Amino acid sequence: DSQNNKWGNLRLANHSQNSMNRKKFVGNLKKGVRFEKRTQKFYATIKMMGKNHHLGTFKTEDEAHQAYVETSNELFGDYARHK
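Please read these numbers as outputs of a predicted model, since none were measured by experiment. (Residues numbered from 1 in each chain as written. Predicted model: local features only at pLDDT ≥ 70, side-chain atom pairs only at ≥ 80, totals over all residues. Heavy atoms only, no water.)

(A) Broad picture of the side chain of K31. Position of K31 relative to the elements: it lies in the loop between α1 (15–19) and β1 (33–36). Buried charge without a salt bridge: K31, with E61 as the nearest opposite-charge side chain at an N-O distance of 13 Å. There is a polar contact of 3.5 Å between the side chain of K31 and the backbone oxygen of R81. (Helix = DSSP H or I, 4+ residues; strand = E, 2+ residues; numbered from the N terminus. Buried < 20%, exposed > 50% of the residue type's maximum accessible area, 1.4 Å probe, protein only. Lys, Arg positive; Asp, Glu negative; His and termini not counted. Salt bridge = Lys/Arg side-chain N within 4 Å of Asp/Glu carboxyl O. Polar contact = N/O pair within 3.5 Å; in protein donor to acceptor, adjacent residues only side chain to side chain.)

Following this line, the structure appears as structure tokens:
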């Protein structure tokens, strides 16, 4: 609950884990997705340890976002944020 900063609601996290809670500010696509005009396809990417990793190329934004969500859950567990 981002509106409740009481000690009982907080969890222990290092700087990297805490940064995963930041909201996406760029563009109108779902998190982890970009659109390539040249190919007319959606690309899913995820950033881990300072590097971007390509997750695949998809026909729809929802398919690309689903790939991001699945990978994010595997890599970051409770700290994964999909929005």
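(B) Local environment of helix α2 (residues 61–76). Counted at 1.5 Å a residue, the expected span for α2 with its 16 residues is 22 Å, and the 22 Å between its end C-alpha atoms agrees. The complete set of buried residues in α2 reads A64, H65, A67, Y68, V69, T71, S72 and F76. Residues of α2 that are buried sit in contact with β1, β2 (41–48) and β3 (51–58). (Expected span 1.5 Å × (residues − 1). Contact = heavy atoms within 4.5 Å.)

(C) Layout of unusual backbone geometry. A positive phi angle, close to 60°, is found at Q40, a residue other than glycine. You can see Q40 is positioned in the loop between β1 and β2. Even without being a glycine, M49 presents a positive backbone phi close to 55°. Within the secondary structure, M49 is located in the loop between β2 and β3. What makes M49 exposed here is its relative accessible area of 78%.

(D) Spatial organisation of the packing of aromatic side chains. Evaluated as defined, the whole model comprises one aromatic pair. Ring geometry for F35 versus F42: centroids 4.8 Å apart, planes at 50°, classification tilted. Look at F35 and you get partly exposed, because its relative accessible area is 34%. For F42, a relative accessible area of 15% puts it in the buried group. (Phe/Tyr/Trp six-rings, centres within 6.5 Å; stacked < 30°, edge-to-face > 60°.)

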